[in-house]
Structure formats: C-alpha cells, structure tokens
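Summary of structural features
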Amino acid sequence: MKRIIFGLSTLILTGCNISKQGGVWQPYYRLQVGINKGGITENNDFTKTANIQPDAFTGATKTGFNASGHIVLPLKRNAVETGIDFMHNTQAFTFKDVAFGYRGSRKIGTSQFMVPLTYNFKLFKRNNPLGTLHVKVGYLMQLNIFSVTDNGTPLTEYSTKGFSNGISVGLSVTPFKMSNGNRIGFYLDGYRGSKIYSDFYNRSIYEMPGSSFMKFGIIYQFGKIKI
C-alpha cells in the first residue's frame, strides 16, 4: 500500500523541491480511521422564495466513518501531504411541501473516494523533527457514489455529480511515541467544496448548497522509510 501512495504523491509533486538526506527521499506515512459529519450541504433558507414554507424541506445527517492512507513528504522546513481517503455517510431529506405536493423522505447514502493535497506547517519540532503538530491547508478532489431511496408521494426530481473539489483545512497531532519509533495521534479535517446534489429546493439560485464535511479520528504514523 505504501508503494501505491508514494507513486501517487510522486506524480502530483513532480517538480517540487523535496528535501533530501544523503540524496534519498525520507517520506513517512500514516494510516487514519475515524468518524465524520457532512457530505451534501443542503439549502435551509427559503425566506427569499415565494410559496415555499421554511419547513417544506429539511435535512439531517448521521455520523459516518472514514479511513485513509497518507504519505507526508518533507519540503524544506515544512511538508506536503497527500494520499487516498474513503468516507461514507447517510443523510435523510424530509419533504412537507403542501403547496407543491411533495410529502415524504429521501434517504441518500454517499460514498466518496478523495485525494487531498495539503501544505503542512510543522510545529513543535524540538523533540520531534517531523513536527508534533501539523497545520494543514490545501485542495481536495472527490469521486462521489450515491445510493438514493425515496418514500412517500412522488418527490422532486434530482441530479448528482460524480466529481467535486474544494478547499481543505485541518490539524494533526502525533504526541505519543511507541517503542518501535512509530507514533499515535489524532486528526481533525474540514472541507467546503462544489455542489454534488441538486433538486427543486437546492438550485443554483441559492448560495448554501454544496458539499462539506468535518472528520475526526486516530492516526497511526510509521517512522521514516527509504524509497
């Protein structure tokens, strides 16, 4: 798996001035697993739309799960991080629109394969040259797979997008060092990106619809490896 992650990172980072030790790249990699909230960011403001009541359309999101494999490549005093993430969550949209005749619920399962590319500012390096705390900012690409189930009266038509992208920010901290040199820590990531779902209540005239998430979990970080 680390060979696949490293190959992807090399393609993305071709031309970057990666720091070296003795002419050999010294990357390190991380396995992550955790929970998340988010996916489709639905519209909840109908104050400017005639004939639609505020509670005509509502959404609720269950806690999902995520897992990823990341590689971190030193870049002078800081680092660049990339990898492959998987995230899944389930959302339920409730329709109570008497005026337009939509009454029922729509359950949407969203699975996303994601490729992040972040620049990491490494902090607290005195006792850990890799940086105990990383502050991350960058870009995220998503491949989206949906499962949709409707219940009730015929509901509004909808469309989904298979690809999306946006801005990612986050924190990671690895304070616990194991006897084998590996480290354990935590991550917290946030994302806001392009629209992945559209229907009568989530049209382009509204500013809110898009995609977003917050995810939190545990990091297992392996020591430096020579490629």
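Just so it is clear, the model here is predicted, and its values are computed rather than measured. (Residues numbered from 1 in each chain as written. Predicted model: local features only at pLDDT ≥ 70, side-chain atom pairs only at ≥ 80, totals over all residues. Heavy atoms only, no water.)

Here we look at the packing of aromatic side chains
Keep this limit in mind: For Phe, Tyr and Trp, rings pair up if their centres lie within 6.5 Å, where Trp contributes its six-membered ring, and each pair is then called stacked (planes under 30 degrees apart), edge-to-face (over 60) or tilted (otherwise). Helical segments are the DSSP runs of H or I of at least four residues, strand segments are the runs of E of at least two, and each set is numbered from the N terminus. Throughout this description, buried means an accessible area under 20% of the type-specific maximum (1.4 Å probe, protein chains only), exposed means over 50%, and partly exposed covers the range between.
Tallying each qualifying case throughout the model produces 18 aromatic pairs. Taking 6.0 Å as the distance between ring centres and 45 degrees as the angle between the ring planes, the aromatic pair formed by Phe65 and Phe86 counts as tilted. Of this pair, Phe65 sits in strand β5 (residues 64–75) while Phe86 is found in strand β6 (residues 78–97), placing the two residues 21 residues apart along the sequence. Exposure remark for Phe86: the relative accessible area of 24% places this residue in the partly exposed category. On the numbers, 5.0 Å between centres and 85 degrees between planes, the contact of Phe200 with Tyr201 is edge-to-face. Connected via pairs of aromatic rings, a cluster forms that spans Phe57, Phe93, Phe95, Phe100, Tyr102, Tyr158, Tyr197, Phe200 and Tyr201.

Thoughts on the side chain of Lys136
This is how it is decided: Here a polar contact is recorded for every N or O atom pair within 3.5 Å, except that within protein the pair must consist of a potential hydrogen donor and a potential acceptor, and residues adjacent in sequence are included only if both atoms are side-chain atoms.
Tracing the chain through its elements places Lys136 in strand β8 (residues 133–152). A polar contact is formed between the side chain of Lys136 and the side chain of Asp189, at a distance of 3.3 Å.

Quick notes on the nonpolar core
Heads up, the rule is: What we call a nonpolar core is a set of buried Ala, Val, Leu, Ile, Met, Phe, Trp, Tyr and Cys residues that are connected through their side-chain atoms within 4.5 Å.
One finds Ile40, Phe46, Ile52, Phe57, Phe93, Phe95 and Tyr201 to be the most contacted residues of the largest nonpolar core, which totals 14 residues. Of all the secondary-structure elements, those providing two or more residues to this core are β6 and β7 (102–123). Residues Met87, Met114, Leu140 and Tyr191 belong to the second largest nonpolar core, which totals five residues.

With respect to the side chain of Asp189
Filter applied, for reference: Contact definition: two residues touch when any of their heavy atoms are within 4.5 Å.
Secondary-structure assignment places Asp189 in strand β11 (residues 183–193). Residue Asp189 is classed as buried on the basis of its relative accessible area of 6%. In this view, Asp189 contacts Lys136, Val169, Gly170, Leu171, Phe213, Met214 and Lys215; residues no more than four positions away in its chain are not counted.

As for the confidence of the model for the protein chain
The condition that has to hold: Confidence of the prediction at every residue is given by pLDDT, a number between 0 and 100.
Looking at the protein chain, pLDDT values average 85 and 85% of them are 70 or higher. The low-confidence segment residues 4–9 (pLDDT under 50) makes 15 contacts with residues lying over four places distant or belonging to another chain. Considering only residues more than four positions removed or in separate chains, one finds that residues 11–19, a stretch of pLDDT under 50, has 16 contacts.

Notes on the environment of Asn66
Along the polypeptide, Asn66 turns up in strand β5. Residue Asn66 is classed as buried on the basis of its relative accessible area, which comes to 3%. A sequence separation of 32 residues divides Asn66 from Gly34, and the C-alpha atoms of the two residues are 5.4 Å apart. A distance of 3.1 Å separates a polar atom in the side chain of Asn66 from a polar atom in the side chain of Asn36.

As for the pairing of strand β3 (residues 28–41)
Put simply, the rule is: For two strands to pair, DSSP has to find at least two bridges joining them.
Within β3, 10 of the 14 residues are buried, which leaves it mostly tucked inside the rest of the structure. Direction of pairing for β3 relative to β5: antiparallel, over a ladder of nine bridges. Paired with Gln32 across the two strands is Ser68, which belongs to β5. Summarising the sheet, β3 and strand β13 (residues 210–221) pair through 12 bridges and their orientation is antiparallel. By the bridge assignment, Gln32 is partnered in β13 with Ile219.

Quick word on the pattern of salt bridges
Note the following rule: Salt bridges are defined by distance alone: a side-chain nitrogen of Lys or Arg within 4 Å of a carboxyl oxygen of Asp or Glu.
Counted under the stated rule, the structure contains six salt bridges. Among the salt bridges present, the one from Glu81 reaches Arg30, with a minimum N-O distance of 3.8 Å. Within this pair, whereas Glu81 is found in strand β6, its partner Arg30 is found in strand β3, the two being separated by 51 residues in sequence. Accessibility classification places Glu81 together with Arg30 in one group, the buried group. The structure contains a network of salt bridges with shared partners spanning Asp85, Lys136, Asp189 and Lys215.

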